[in-house]
Every structure is written in structure tokens, then in C-alpha cells.
Amino acid sequence: MSYGRTFALWRAAAPEWDAYTRHGFVQALGDGSLPRAAFLTYLVQDYLFLIQFSRAWALAVVKAGDLQEMRACSATVHALLDQEMALHVQTCAAAGIDTAAMLATPEAVGNMAYTRYVLEAGYSGDFLDLLAALMPCVLGYGEIGARLGREGAPDTPYRDWIDTYAGDDYQQTCRAAGALLDDAVRKRLGDAPQSSPRWAALVHHFATATRLEVGFWDLGTA
């Protein structure tokens, strides 16, 4: 998927990108072979993940350099808290898992490692450091959703999940995130960002978050 120039460059430099977006868990979502219990385990952990991820995007509002960036990050916080998490609540409730039960579930170690890495990138770094750690989740799910929307089995029981990430609303969120990233890089690093001494560190943040995404999928297959 095309979500901007910077994403394309960082994606190509992340060795485990395919391991993330074509993980066995993802493939099983698409063909419908994923056990329901594994899906529910993932959804509960992802619900807890999204709470911390929303905090990270809220931190991006603080780290932003201007009102345009602040508004874009604020809109993402809204999309996470009021749209994406609704899928988790609805699906888990249908399986007898209410919100209180989800919130009472301990965070998996891999979940904590990932979300705290993203938050630390923001606390110790600047807006670009935080965006680099945030983008694999946002844009990777967009890529996964778009691909499974095309290639997934029509009768997979996970069609609602696929349609959420393949749908226009989420894809527009991804396009907006990619545009935010490109603009933020241009403002801070100029038109030749790869020549900046900061580039390698930003690529490292992106690649590390991608590796942590692989570990997150592993939670549902353990």
C-alpha cells in the first residue's frame, strides 16, 4: 500500500516487515483457520495495547510542533478510543467477555515491552522518534487489512475484523498518518532526509517496533 514516501523507505529497511504483515496469525485470520480462543486472547491483549497506544498518540500531541500536527494526532487518539476499540468491545462481549474482564486481564510481557518501548521513544525523543515507533502498527494494520480484504476467504469468521482495517475509514486514517509523517520529516530534516545523521536512528525505531509487532502476533499463537 502507498502511505507515503517515508513509510515506503522505512518499510523497505525493516527486515521483519513480511514476518509481521504475513505472520501465521494474520494468514489464519484471512483463511478462517485461526481458533476462536486464540483470536479472543489476541483481542483482549490488543484492547489493553490500544489503551497505551492511545496514550502514545496523546503524547504526540504534546510533542507536535504546530497546530496542524496537534490536530492530526488528536484525531488519531479519537479514532483509537472511539472507533477501533469498539470492535474489540463488541466482539468480546458477544463471547461473554465484558470490558471489566478485559481490563482485569494482566498485560502480556510482550505487550508491555512493545507499548512501553513506544512511549519511551516519545518521552526520551522528539516528535519524529515517536512517529517512527508508532507507524508500524498504524500502517502495518492498514496494509494487512487491505491485503486480506482482497485475498481473504469470503466466509472467514474474521471478516468483521478484516473489513474494519480494509474499510475506507481506517484506510483514510492510514493515508492521513502517512501524510503527517512525510510532512513532519520534511519540516525537520528537509527534502533529503536520508542524508541526515538522525535517519539511521529513526529507521531503527521503526524496525524495532516492527519486530515487536511480530512478537505481539506470537501472543495469539503461543
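Source: prediction; values computed, not measured. (Residues numbered from 1 in each chain as written. Predicted model: local features only at pLDDT ≥ 70, side-chain atom pairs only at ≥ 80, totals over all residues. Heavy atoms only, no water.)

1. Quick notes on the overall build of the chain
Here comes step 1: Scanning the chain from terminus to terminus reveals 11 helices and 0 strands.
Here comes step 2: Reading the chain from its N terminus to its C terminus gives the helix and strand order α-α-α-α-α-α-α-α-α-α-α.
Here comes step 3: Whereas a compact globule of 222 residues would reach a radius of gyration of roughly 17 Å, the chain reaches 17 Å, a difference of no more than 12%.
Here comes step 4: Dimensions of the chain along its principal axes, counting C-alpha atoms only, are 50 × 35 × 30 Å.
Here comes step 5: The buried share of the chain, taken over its 222 residues, is 51%.
Here comes step 6: Long-range contacts, defined as pairs at least 24 residues apart, comprise 80% of the intrachain contacts of the chain with a sequence gap of at least 6.
Here comes step 7: With an accessible surface of roughly 9600 Å², the chain has 56% of that area assigned to carbon and sulfur atoms. (Helix = DSSP H or I, 4+ residues; strand = E, 2+ residues; numbered from the N terminus. Rg over C-alpha atoms; globule rule 2.2 N^0.38 Å. Buried < 20%, exposed > 50% of the residue type's maximum accessible area, 1.4 Å probe, protein only. Contact = heavy atoms within 4.5 Å. Areas by Shrake-Rupley, 256 points an atom, 1.4 Å probe, with all protein chains shown as cover.)

2. Observations concerning helix α5 (residues 67-94)
An α-helix turns once every 3.6 residues. As a result, residues three or four positions apart point the same way.
Here comes step 1: Compared with the 40 Å implied by 1.5 Å per residue over 28 residues, the 40 Å span of α5 between its first and last C-alpha is a close match.
Here comes step 2: Along its length, α5 shows its largest kink, about 40°, at M85.
Here comes step 3: Here the buried face of α5 lies against α4 (36-63), α6 (99-104), α8 (127-151), α9 (159-166) and α10 (168-189).
Here comes step 4: Put simply, D66 is the residue that caps the front of α5, since its side-chain oxygen is 3.2 Å from the backbone nitrogen of Q68.
Here comes step 5: A positive phi of about 85° marks G96, the residue just after α5. (Expected span 1.5 Å × (residues − 1). Bend = angle between axes of the 7 residues up to and from the residue. Polar contact = N/O pair within 3.5 Å; in protein donor to acceptor, adjacent residues only side chain to side chain.)

3. Notes on the nonpolar core
One recurring pattern in soluble globular proteins: nonpolar side chains tend to sit buried together.
Here comes step 1: In terms of nonpolar packing, the biggest core is built from 74 residues, with Y42, F53, W57, L131, Y141, W161 and W217 touching the most fellow members.
Here comes step 2: Residue contributions to this core peak at 15 residues, all from α4.
Here comes step 3: Setting aside residues up to four positions removed in sequence, Y42 forms contacts with F25, Y141, W161, F216 and W217. (Core = buried A, V, L, I, M, F, W, Y, C linked by side-chain atoms within 4.5 Å.)

4. Quick notes on the environment of L202
Here comes step 1: Turning to its location among the elements, L202 is positioned in helix α11 (residues 199-219).
Here comes step 2: For L202, a relative accessible area of 0% corresponds to the buried category.
Here comes step 3: As a C-alpha pair, L202 and R150 span 52 residues in sequence and 31 Å in three-dimensional space.
Here comes step 4: If sequence neighbours within four positions are ignored, L202 has contacts with W10, L128, D129, A132 and L189.

5. Looking at the packing of α4 against α8
Here comes step 1: Relative orientation of the contacting elements α4 and α8 amounts to 145°, with a least axis distance of 11 Å. The handedness of the crossing between α4 and α8 is left-handed. Touching Y42, D46, F49, F53, A56, W57, L59, A60 and K63 of α4 are F127, L130, L131, L134, M135, C137, V138 and Y141, all from α8.
Here comes step 2: The class makeup of the residues in the contact of α4 with α8 is 15 nonpolar, no polar and 2 charged. (Axes fitted to C-alpha atoms, helices over the stretch in contact; angles between N-to-C directions. Left-handed = near helix turned anticlockwise from the far one by under 90°. Nonpolar A, V, L, I, M, F, W, Y, C, P; charged D, E, K, R; others polar.)

6. Here's the deal with the packing of aromatic side chains
Here comes step 1: Counted according to the given criterion, the structure contains 23 aromatic pairs.
Here comes step 2: An angle of 65° between the planes, with centres 6.2 Å apart, marks the rings of F7 and F206 as edge-to-face. Within this pair, whereas F7 is found in helix α1 (residues 5-12), its partner F206 is found in helix α11, the two being separated by 199 residues in sequence. The same class applies to F7 as to F206, namely buried. (Phe/Tyr/Trp six-rings, centres within 6.5 Å; stacked < 30°, edge-to-face > 60°.)

7. With respect to the state of the cysteines
Here comes step 1: Across all of its chains, the model carries 0 disulfides by this definition.
Here comes step 2: Not part of a disulfide, C73 finds its nearest cysteine sulfur in C174, a span of 14 Å.
Here comes step 3: The thiol of C174 is not disulfide-bonded; the next cysteine sulfur, from C137, is found 9.4 Å away. (Disulfide = S-S within 2.5 Å.)

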